[in-house]
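# Observations on the three-dimensional arrangement
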Amino acid sequence: MEAKTVTPQDYRSQSKKLDRKKFWNDPILIAMIVIMVFFLTLFIVYPLVMLLSEALRSSDGHFTLDTIKETLNYVTFKTAFFNTLKLGLIVGVTSTVVGMLFAYIDVYVKTKTKILAGLFNVVATMPVVSPPFVLSLSLIMLFGRTGFITKSLFGLRTSGIYGLTGLIIVQTLTFFPVCYLTFKGLLKNIDPSIEEAARDIGASRMKVFTSVTLPLMLPGIGNAFLVTFIESIADFANPMIIGGNYDTLATSIYLQITGSLNKNIASAMALFLLLLTMALFLLQKYWLERKATATLTGKAARGRILIEDKGVRIPLSILAGAVSIFVIGLYVLIPIGSLFNLWGYDYSLTFKWYEYTFASGGAKQYTDSITLALISAPITSLMSMLIAWMVVKKKFALKGYIELVSMMAMAVPGIVLGIAYIRGFVTGVFHVAELFPRGQAPFWTLQGLYGTGALVVLVFIVRSLPVGTRNGIAALRQIDKSIEEAATDLGANSGKVFTSITLPLIKDSFISGLITSFVRSITAISAVILLVNPRVNLITYQISESANKGYYGAACAAATILILIVYAAILLLQIFTKYFGTSRYIKREE
Amino acid sequence: METKKKKGIVLDHISKIYQDPKTKKEFYAVNDVSLNIEPGEFVTLLGPSGCGKTTTLRMIAGFESPDIGEIYLGEEKINEKTPDKRDTAMMFQNYALFPHMNVFDNVAYGLKLRGFKKDEIREKVFAILDLVELKGMENRMTNQLSGGQQQRVALARALVVQPSVLLFDEPLSNLDANLRVQMRTEIRRIQQEVGSTAVYVTHDQSEAMSISDKIVVMNKGVIAQMGTPTEIYYRPASEFVASFIGEANYLRGTLISLDGENGVIEVLGRQIEAFCHQDKNPGDDAALMLRPESVTLGDEGALPARVVLSCFMGAYQNYHVMVGDNLIKITDYNPKGKKIYAVGDQAWLRFNPSDGTIL
């Protein structure tokens, strides 16, 4: 078609007007948009804006930079800020390197047995199903003051594991599997003939890796590094348990709040942490992600000739195998640890810690955690599918806003969200409840929300929404638009199309979103630790409390039960998708 | 099956403007298209890819909004209506069957939306499956069907709601050649049986010829010609139409005179009288368009020709000959018993001037 310049410019106004009219004739879509915008604004944007306003407001309500200045000069903040950055950088590098090693062995090296692949698989899935801080717990039980290896085997009373060293080990072992999975995908997409061409010209295997493979993966490596960096600086539970005196921003914020120190400074610190993660997130999302997909396109044309050279194979296999076994050992230590009388002193077998976890809080912590996670899971999954659908298949003015906010939520550290919720809802929306006599604030101020399970559910939803939305978007991109057009053409309105066509077609994604959000919610701690109160108790909170008090048996027992619950949920997912899933009959279109 | 109503479609000076995503330049995807489609008529939009035919179809369905102009369904303006509110049903290029439903549910989908009772739905679905010869397939999932069967499910799904207008977006392009011929006959048969107005988009000229009451040839967003298949084939309005539909030979020369539809063209010193569209003036450069099967070779005739290719194809003898500077392709059917010319032979071009058109 030949390009023909149109004059006057606004000839397209009629189609715009008609598209607008058609849009307004679609009340269901409008309702969905209104609900989503309302939800995202009130429960993500608003609390964060409140955080910003607290940090910029004096006690009598005027705009001031005093709090910011005060925070910047605050020694605790400065130390925490640099600690956080240092930790993030180190863990970003170590996770990337370990992840790369695993991926390289997996894709390039011919292993004699399937054992290594099996180990890799377990290592990759464990962080997903376990609470975020179990590795800290295990590491302390092995190398801590009353550690099995340090105290019981060598009789050392050392606290060397607490602090930066322990944090680096724990965070690396927790976060590297994500890097491994990313790199594995990337390496598989490199056409082997490119590397073979380099070898053919005379490059050594090392030279090929450094001059061909590595440069091809550079954007992907940058991506994985930044993701881990964000994870590390947003991490709260590990620094809390194993950090010792090494304070990070996340733990400092928590201590500011719970220690009843300066709340405005806590807000300002949270704001800095948020800006940090946000900047890294935007860098990763809009710069590196694009680059990563630009350099590596398409699938490898044929199989790769695997490295059989013993000089390469054996040392790499042993190294990766040892790391895997160590990681798995740390996880296995959790149920083992729950069975001993007093870790570090009395290694006689007992079930008393299981009785203890039920005796102290009754079963309330379990029922609360399960109930709240069960409530939030279907809401999260449905919402994320709806958002994904609107983002992929619909055109409307606020689409960019909905997409951006639901994705940005991924970059909000849990502790920041927690403090933002406190600032945003304790005295009602925009503090309006302060205008009413104590305890008489009407419902619409939403003051009643604070301290209830409902608020915890909202936090769970916000925390899991981005992951679900991302998966939903990926699933929807696979579905040809003409299928939905056919339904519309036959007379289905937007709501009908979504419920009768779209949702059934992305049922797999919906079900997995259900489980993912359940798992994420029940293992969450950083976002909800500030919202726990006598009315709402959570397992993760109990585990970290027990660990901090040195009741390792109790912590292990509760963590074991938690992992069992999560496993049961995942098992359920597999059964569910097998019998009700869609993958059986959907022919994915390229 | 009887139709509840027949409605025609009117496109009143329709234009659609798109922006090129790279150059940011705006261009007409559809440029000032006016069409009057009678109730029950089968009209094909034919043209090369990017000619605006699919955009036109999608504007009738409501998926795109026209920038200029108005679309009428029967008496009613439908510009502001969403696709689900329009009484049209479309068959998509890739069928767009619902992969999570079986054949019955696919076909019943539109009926359920229209609130029919269960037994009514059963009755209608079975009747239509009978019509498209898919009886007994109700419980199959769509991926258990062959391409042709899927295509018929898509047809049944569109037909069962008895739309005033059936829209076809290159529905046969994914089928193999034999099946394509079979299905186009069936689409035509069924459309005539149910009596819906049909708008059919294709780039395949033989499909357009065999199926349509009227063909609309489009090029670069504008209508190049509109007419019955015979008119389009023998009386093309331009060299674009002539070459797009079938094969065309051109004997180039000058128009000498034009009287009504009778033109006289001078080619290589010979004056030939033939049909001519009235958009030319005497003295203009012109060409006499002749179809390959309208021309033969003989030992005497209108114009001298030199054979440059001679090839026996079974059903016909294929010649390429030079007449002056003009390369003329000839398909001479039933060659047995005729004189066969060899490469390098001198011969004479023979044709009936009334078979040609001066362009």
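Residues numbered from 1 in each chain as written. Chains lettered and ligands numbered in written order. Predicted model: local features only at pLDDT ≥ 70, side-chain atom pairs only at ≥ 80, totals over all residues. Heavy atoms only, no water.

## Focus on the overall build of chain B
How we decide: Where helices and strands are cited, they refer to DSSP runs of H or I of at least four residues and of E of at least two residues respectively, numbered from the N terminus. Between buried and exposed lies partly exposed: a residue is buried under 20% and exposed over 50% of the maximum accessible area for its type, with that area taken using a 1.4 Å probe on protein chains only. Computed by Shrake-Rupley with a 1.4 Å probe, the accessible areas treat only the displayed protein chains as cover when residues are assessed.
Secondary structure assignment for chain B yields eight helices and 20 strands. By principal-axis analysis of the C-alpha atoms, chain B measures approximately 75 × 45 × 40 Å. A total of 359 residues make up chain B; the buried ones form 54% of that total. Element-wise, carbon and sulfur atoms account for 47% of the exposed surface of chain B, whose accessible area totals about 15,200 Å².

## Re the nonpolar core
The condition is simple: What makes a nonpolar core is a set of buried Ala, Val, Leu, Ile, Met, Phe, Trp, Tyr and Cys residues whose side-chain atoms join them at distances within 4.5 Å.
By size, the foremost hydrophobic cluster in this structure holds 260 residues, and its most contacted members are Ile415 and Tyr421 of chain A. The dominant element in this core, judged by the number of residues it contributes, is helix H2 (residues 27-55) of chain A, at 16 residues. Ile272, Leu290, Leu297 and Val323 of chain B belong to the second-largest nonpolar core, a separate cluster that totals 26 residues.

## So, the pattern of salt bridges
Residue and element names in this part refer to chain B. To keep it simple, the criterion reads: Only one rule defines a salt bridge in this text: a Lys or Arg side-chain nitrogen within 4 Å of an Asp or Glu carboxyl oxygen.
Under the definition given, this model contains 20 salt bridges over all chains. A salt bridge links aspartate 105 to lysine 112, with the shortest nitrogen-to-oxygen separation between them at 3.4 Å. Using a relative accessible area of 24% as the deciding quantity, one classes aspartate 105 as partly exposed.

## Focus: the domain arrangement of chain B
All names here are of chain B. Applicable threshold: Domain start and end points were adopted from an automatic or database domain assignment. Note on definitions: a residue-residue contact is assigned when non-hydrogen atoms from the two residues lie within 4.5 Å. Here the quantity called buried area is the accessible surface, traced with a 1.4 Å probe, that two parts lose on coming together, added over both. Polar contact criterion, stated in full: a pair of N or O atoms within 3.5 Å, where within protein one must be able to donate a hydrogen and the other to accept it, and residues adjacent in sequence count only if both atoms are side-chain atoms.
When cut into domains, chain B gives domain 1 (9-234) and domain 2 (248-358). Computed over C-alpha atoms, the centres of domain 1 and domain 2 are 39 Å apart. Listed as interface residues are four residues of domain 1 and, on the opposing side, six residues of domain 2. Carbon and sulfur atoms supply 32% of the area buried between domain 1 and domain 2, which totals about 380 Å² over both sides. Per-residue buried area on domain 1 facing domain 2 is highest for Gln225, Tyr233 and Tyr234; these three make up 98% of the total on that side. If you look at where domain 1 meets domain 2, you find zero salt bridges. The interface formed by domain 1 and domain 2 holds three residue pairs in polar contact (both at pLDDT 80 or more) in total. Examining the composition of the side of domain 1 that touches domain 2, we find that three residues originate from one element, helix H7 (residues 229-234), more than from any other.

## Things to note about helix H10 (residues 205-234) of chain A
Spelled out, the test is: What a helix is expected to span follows from its residue count: subtract one and scale by 1.5 Å. At every residue, the bend is computed as the angle between two fitted axes, covering the seven residues ending there and the seven beginning there respectively.
With 30 residues, H10 of chain A should cover 44 Å at 1.5 Å per step; its first-to-last C-alpha distance of 38 Å lies more than 12% under that length. Of all the bends in H10 of chain A, the greatest, near 55°, is centred on leucine 218 of chain A, and the proline proline 219 of chain A appears no more than four residues after it.

## So, the sheet that holds strand E8 (residues 197-202) of chain B
All names here are of chain B. Note the following rule: Between any two strands, at least two bridges found by DSSP are needed for them to pair. Note on geometry: axes are C-alpha line fits, over the in-contact stretch for helices, and angles between N-to-C directions span 0 to 180 degrees.
With mixed pairing, six strands are arranged side by side in an open sheet as E6-E7-E8-E3-E9-E10. Where the open sheet ends on each side, the last strands, each with one partner, are strand E6 (88-91) and strand E10 (222-227). Neighbour to neighbour, the strand axes of the sheet diverge by 20° on average, direction disregarded. Looking at chain direction, E6 and strand E7 (residues 165-169) are connected through four bridges and run parallel. Paired with methionine 90 across the bridge in E7 is leucine 167. Lying over the sheet, helix H4 (residues 147-159) contacts E6 and E7, oriented at roughly 175° with respect to E6. Lying over the sheet, helix H5 (residues 177-194) contacts strand E3 (42-46), E7 and E8, oriented at roughly 140° with respect to E3.

## Let's talk about the packing of aromatic side chains
As a reminder, the rule being used: Centres within 6.5 Å are what make two rings of Phe, Tyr or Trp a pair, Trp counting through its six-membered ring; a difference in plane orientation under 30 degrees is then read as stacked, over 60 as edge-to-face, and the rest as tilted. Any Lys NZ or Arg CZ that is within 6 Å of a ring centre and within 35 degrees of that ring's normal is treated as a charge sitting over the ring.
Applying the stated criterion across every chain, the model contains 31 aromatic pairs over all chains. Site record: aromatic cluster; members linked through ring pairs are Phe39, Phe43, Tyr46, Tyr421 and Phe425 of chain A. Sitting over the ring of phenylalanine 98 of chain B, arginine 157 of chain B keeps its end group 4.6 Å from the ring centre. Residue placement shows arginine 291 of chain B over the ring face of tyrosine 233 of chain B; its charged tip is 4.0 Å from the ring centre.

## So, empty space enclosed by the protein
Residue and element names in this part refer to chain A. Test applied: Think of a 1 Å grid over just the protein atoms. A cavity is a set of points where a 1.4 Å probe fits yet cannot get out, a pocket is an open set with protein on both sides within 12 Å along at least five of seven lines, and lining residues have an atom within 4 Å of a point. Grid points are joined across faces, edges and corners, and a volume is the space filled by probe spheres set on the points. Charged means Asp, Glu, Lys or Arg here, nonpolar means Ala, Val, Leu, Ile, Met, Phe, Trp, Tyr, Cys or Pro, and polar covers whatever is left, Gly included.
In total, this model carries three cavities of 30 Å³ or more according to the counting rule given. Here the largest cavity is characterised by a volume of approximately 60 Å³. The wall of the largest cavity is formed by Thr380, Ser381, Ser384, Ser464, Val467, Gly468, Asn471, Ser512, Gly513, Thr516 and Ser517. For the lining of the largest cavity, the elements supplying multiple residues, two or more each, are helix H16 (364-393), helix H19 (453-477) and helix H22 (507-522). A per-class count over the lining of the largest cavity returns one nonpolar, ten polar and no charged.

## A look at the sheet that holds strand E13 (residues 270-276) of chain B
All names here are of chain B. Read once around its circumference, the closed barrel built from five strands follows the order E11-E12-E13-E20-E14, with strand pairing classed as mixed. Where strand E14 (residues 285-290) and strand E20 (residues 357-358) come together, two bridges link them in antiparallel fashion. Paired with methionine 289 across the bridge in E20 is threonine 357.

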